[in-house]
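Fold and contact review
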Amino acid sequence: MTGGSGSATTATGNGMPAIRMHRNRSEHLDTPYPGGESWRQAVRRVGRFLGDLSLRWSDTRVLVIGHVATRWAFDHLIDGVPLEKLVEADFGWREGWEYRLP
């Protein structure tokens, strides 16, 4: 994905320890971080990428590198997991995730 930082983190939050940045993340589900965007806005942005992805690389395996909002967008838009559930859950990092577009 291109187009600037565009993440749910903020200019004022850059460099902040993740645990501190994300401890109140549910408050930013719909309310943007100062100087940034809300989680829901970030998910919508990734959704636009997914629409483009299926047009340009249909039936092709693609590597996507992103951050937590990218993963939440995939979980929400592809797998149907409610954002309210994702924002409350632990991130649960693992070495890789695989998704299939419908």
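Presented here is a report on the structure given in the accompanying data block. Predicted model, so just to flag it, every value in this text is computed and none were measured. (Residues numbered from 1 in each chain as written. Predicted model: local features only at pLDDT ≥ 70, side-chain atom pairs only at ≥ 80, totals over all residues. Heavy atoms only, no water.)

1. A closer look at the environment of Glu98
Applied cut-off: In this text, helices come from DSSP runs of H or I with a minimum length of four residues, and strands from runs of E with a minimum of two, each type numbered from the N-terminal end. We call a residue buried when its accessible area falls under 20% of the maximum for its residue type, exposed when it is over 50%, and partly exposed in between, using a 1.4 Å probe and counting protein chains only.
Take Glu98: it is sitting in the segment after helix 4 (83–88). The exposure class assigned to Glu98 is exposed, which follows from its relative accessible area of 64%. A sequence separation of 37 residues divides Glu98 from Arg61, and the C-alpha atoms of the two residues are 9.8 Å apart.

2. Comments concerning the packing of aromatic side chains
For any two aromatic rings, the description comes down to two numbers: the centre-to-centre distance and the angle of the planes. What counts, and what does not: Only the six-membered ring of Trp is used, alongside the rings of Phe and Tyr, when aromatic pairs are assigned; centres must lie within 6.5 Å, and planes under 30 degrees apart are stacked while those over 60 apart are edge-to-face, with the rest tilted.
Applying the stated criterion across every chain yields a total of three aromatic pairs. For the ring pair Tyr33 and Trp39, a centre distance of 6.0 Å and an interplane angle of 85 degrees mean the geometry is edge-to-face. Between Phe74 and Tyr99, the ring centres sit 5.2 Å apart and the planes meet at 80 degrees, which makes this aromatic pair edge-to-face. Of this pair, Phe74 sits in helix 3 (residues 68–77) while Tyr99 sits in the segment after helix 4, and the two are 25 residues apart along the sequence.

3. What about the layout of surface pockets?
Applied cut-off: Here a cavity is any set of points on a 1 Å grid over the protein atoms alone where a 1.4 Å probe fits but cannot get out, and a pocket is any open set with protein on both sides within 12 Å along at least 5 of 7 lines; a residue lines the site when it has an atom within 4 Å of a point. Grid points are joined across faces, edges and corners, and a volume is the space filled by probe spheres set on the points. Residues are grouped as follows: Ala, Val, Leu, Ile, Met, Phe, Trp, Tyr, Cys and Pro are nonpolar; Asp, Glu, Lys and Arg are charged; every other residue, Gly included, is polar.
Taken as a whole, the largest pocket spans an internal volume of roughly 850 Å³. Lining the largest pocket are 26 residues; nearest its centre among them are Val62, Val64, Trp97, Glu98 and Tyr99. For the lining of the largest pocket, the residue count by class is 15 nonpolar, six polar and five charged.

4. Topic: helix 3
The element helix 3 is largely enclosed, with a buried count of eight among its 10 residues. Listing the buried residues of helix 3 in full gives Val68, Ala69, Thr70, Arg71, Trp72, Ala73, Phe74 and Asp75.

5. Some details on helix 2 (residues 39–56)
Rules: To estimate how far a helix should reach, multiply one less than its number of residues by 1.5 Å. Arc, as used here, means the arc of the directions from the helix axis to the C-beta atoms.
Over its 18 residues, helix 2 runs 26 Å from end to end, which matches the ideal 26 Å to within 8%, given 1.5 Å per residue. When we look at burial in helix 2, the residues that qualify are Trp39, Ala42, Val43, Arg45, Val46, Phe49, Leu50 and Leu53. Within helix 2, the buried residues cover an arc of 155 degrees as seen down the axis, which keeps them to one side. Exposed residues lying more than 90 degrees from the buried face of helix 2 are Arg44, Arg48 and Leu55.

6. Regarding the nonpolar core
Note the cut-off: Among buried residues, the Ala, Val, Leu, Ile, Met, Phe, Trp, Tyr and Cys ones that are joined through side-chain atoms within 4.5 Å form a nonpolar core.
Within the largest apolar cluster, 18 residues are counted, with the highest numbers of intra-cluster contacts made by Trp39, Phe49, Leu50, Trp72, Phe74 and Leu83. With seven residues, helix 2 is the single largest residue contributor to this core.

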